[in-house]
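# Breakdown of the fold
These are the residues of each chain, in order.
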Amino acid sequence: MAIVNASDQTFYEETKSGLVLVDFWATWCGPCKMLAPVLEELAQEIDVPIVKLEVEENSATAGEYEVMSVPTLVLLKDGEVVAKIGGYQPKEALIDFINSYR
């Protein structure tokens, strides 16, 4: 599946149904830059949408989800938070994280 870049205006439409992995990130964040290619690989291997939200430009949504540091990965199911993890995660850990909530 493709990775979707969301904004405060499009976030809820992109995440309202099914299981969705959200990456809250920032352009200046080193671990976020390390995580980006991992998410690109993951998007090709799983059938769960991945939505990226840049926190500096979309602070309303980041604040609503209480994102205090980046990267923060939030797993949503039908628009509701089911899990949250922070920091860089290897692909295998992300697969386990997602599969534990299917």
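Use the structure listed above.
Residues numbered from 1 in each chain as written. Predicted model: local features only at pLDDT ≥ 70, side-chain atom pairs only at ≥ 80, totals over all residues. Heavy atoms only, no water.

For Asn58, the position within the fold is in the loop between β3 (50-54) and α3 (59-64). The exposure class of Asn58 is buried, given its relative accessible area of 6%. Here Glu54 takes part through its backbone oxygen, which lies 2.9 Å from a polar atom of the side chain of Asn58. (Helix = DSSP H or I, 4+ residues; strand = E, 2+ residues; numbered from the N terminus. Buried < 20%, exposed > 50% of the residue type's maximum accessible area, 1.4 Å probe, protein only. Polar contact = N/O pair within 3.5 Å; in protein donor to acceptor, adjacent residues only side chain to side chain.)

Strands sit in the order β1-β3-β2-β4-β5 across an open sheet of five strands; the sheet is mixed. Edge strands, defined here as strands with exactly one partner in the open sheet, are β1 (3-6) and β5 (80-86). With direction set aside, neighbouring strand axes in the sheet form an average angle of 25°. Sheet topology places strand β2 (residues 19-25) next to β3; five bridges connect them, and they run parallel. Within the sheet, the bridge partner assigned to Trp25 lies in β3 and is Glu54. Most of the contacts of helix α4 (residues 91-99) go to β5, to which it runs at about 160°, and overall it touches β2, β4 (72-77) and β5. (Pairing = 2+ DSSP bridges. Axes fitted to C-alpha atoms, helices over the stretch in contact; angles between N-to-C directions. Contact = heavy atoms within 4.5 Å.)

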